[in-house]
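Structural overview
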Amino acid sequence: MSVVSPLHVQPAAPPSEGMQSSLQRHLQRVRVLRPGLHLHADDTADVQDFTASGDMEAGLRIVLLLEGSVDVSYGPRRVALSSAASQRAHEPGLPRALLVSVAEPERFERRGRRGAYARRVSVGLGGEWLEQVAGPSASDAIDAFRRQHLAMHHWQPSARIAAVAEQITRAPDLSPLLLHLYLESRALELVGEALGSLSQHAPGPAPAPAAATPRLLPHEHQRMRALHAFLQTDGAMDMSLDALARQAGTNANTLQRHFRAVYGTTVFDFVREHRLQRARHALEQDGLTVGQAALVAGYNSAANFATAYRKRFGMPPKLARGRI
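Thresholds, definitions, all that
- Residues numbered from 1 in each chain as written.
- Predicted model: local features only at pLDDT ≥ 70, side-chain atom pairs only at ≥ 80, totals over all residues.
- Heavy atoms only, no water.
- Axes fitted to C-alpha atoms, helices over the stretch in contact; angles between N-to-C directions.
- Helix = DSSP H or I, 4+ residues; strand = E, 2+ residues; numbered from the N terminus.
- Parallel < 35°, antiparallel > 145°, perpendicular 65-115°, else oblique.
- Contact = heavy atoms within 4.5 Å.
- Nonpolar A, V, L, I, M, F, W, Y, C, P; charged D, E, K, R; others polar.
- Phe/Tyr/Trp six-rings, centres within 6.5 Å; stacked < 30°, edge-to-face > 60°.
- Buried < 20%, exposed > 50% of the residue type's maximum accessible area, 1.4 Å probe, protein only.
- 1 Å grid on protein atoms, 1.4 Å probe; cavity = no way out; pocket = protein on both sides within 12 Å on 5 of 7 lines; lining within 4 Å.
- Points joined across faces, edges and corners; volume = space filled by probe spheres on them.

Where helix H9 (residues 267-286) meets helix H11 (residues 302-313), the axes come as close as 11 Å, and the angle between the chain directions of the two elements is 95°. Compared by their axis directions, H9 and H11 come out roughly perpendicular. Along the contact surface, H9 presents Glu-273, Leu-276, Gln-277, Ala-279, Arg-280 and Leu-283, while H11 presents Phe-305, Ala-308, Tyr-309, Arg-312 and Phe-313. Considering only residue class, the contact of H9 with H11 consists of 7 nonpolar, 1 polar and 3 charged.

So this is what it looks like as structure tokens:
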């Protein structure tokens, strides 16, 4: 069951080819993880002015804006979110998060403006999913919030959840099953913080603010995105951290801090995970031998590769090859 109906798009001018491609990519990035639990992530700039609208079922909506701005309406309530945190243009913004209660079916609308950029994650929680997970009563704070139609709760996402959201927008190339599990686990982390933030006034430590992480400038975000793409190519296979830092135009310490801030992991942990996933795909889909897959993963020793593979996936690589 979808939480938001397919969007009806009304462009301000006849839809361009870019607009049609953008809409198609949008639809492809909407994932129903479970009945009543859906996820959407985007990292794009609008190619022309438009208005998109759809019908929402009752439930909760979570929006986490990492960078840029969004202009949406939930029924008659219009919300403009922006990551801009300062009047000074040289200072980067902080992530913004919003939790919305939709106590009854309502209309959703998003307005796009040509050139407007947003990197964001949204999660929809249907009443069916909430009751299945939490039972008839989740908590006093959550129950009270759910009963208020179009109630809105803003909170500052923690550094951990900002990194999780970045991971969702930059999901690795995994098999359908592993990708589904990867996205669902991170969506649930986001849901956990969103619902927990409703009770943040209660005694107890508050989550660490995202400002505790390095505040990257727009060009630094772009540098990390370019490095992230480069690390997934063969050109990065034998490069040291210092060489990667020179490639990115920075030093090794800054590279590690910025990469972790954006992607929630170290450069080499990301590279190792990516290469092991490539090797797994090669074993399962291409029929490579264990020795050949070891080279794909960057291991000269098939034994060392088998150890790393078993630790990561819980089985020896020869069993993965046996699946073809």
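Inspection of the entire model under this criterion finds 4 aromatic pairs. Here the aromatic rings of Tyr-299 and Phe-305 are separated by 5.9 Å at their centres, their planes lie at 55°, and the arrangement is tilted. Ring pairing ties together the aromatic residues Tyr-299, Phe-305 and Tyr-309, which thus form one cluster.

It is worth spelling out helix H4 (residues 159-169) at this point. Counting buried residues in H4 gives 9 out of 11 residues, a clear majority hidden from the surface. If you check which residues of H4 are buried, you get Ile-161, Ala-162, Ala-163, Val-164, Ala-165, Glu-166, Gln-167, Ile-168 and Thr-169. As for H4, its buried residues are in contact with strand E3 (37-45), strand E5 (59-74), strand E9 (117-126), helix H5 (176-197), helix H6 (218-230) and helix H8 (252-263).

Using the criterion set out here, one finds 2 cavities of 30 Å³ or more in the structure. When its volume is computed, the second largest cavity comes out at roughly 30 Å³. Lining the second largest cavity are Leu-231, Thr-233, Ala-236, Met-237, His-274, Arg-275 and Arg-278. Of the residues assigned to the lining of the second largest cavity, the class counts are 3 nonpolar, 2 polar and 2 charged.

Every buried residue of helix H7 (residues 241-248) is accounted for by Leu-241, Ala-243, Leu-244, Ala-245 and Ala-248. Turning to H7, the residues buried within the fold contact H6, H8 and H9. Following H7 by one or two positions, Gly-249 has its phi on the positive side, about 75°.

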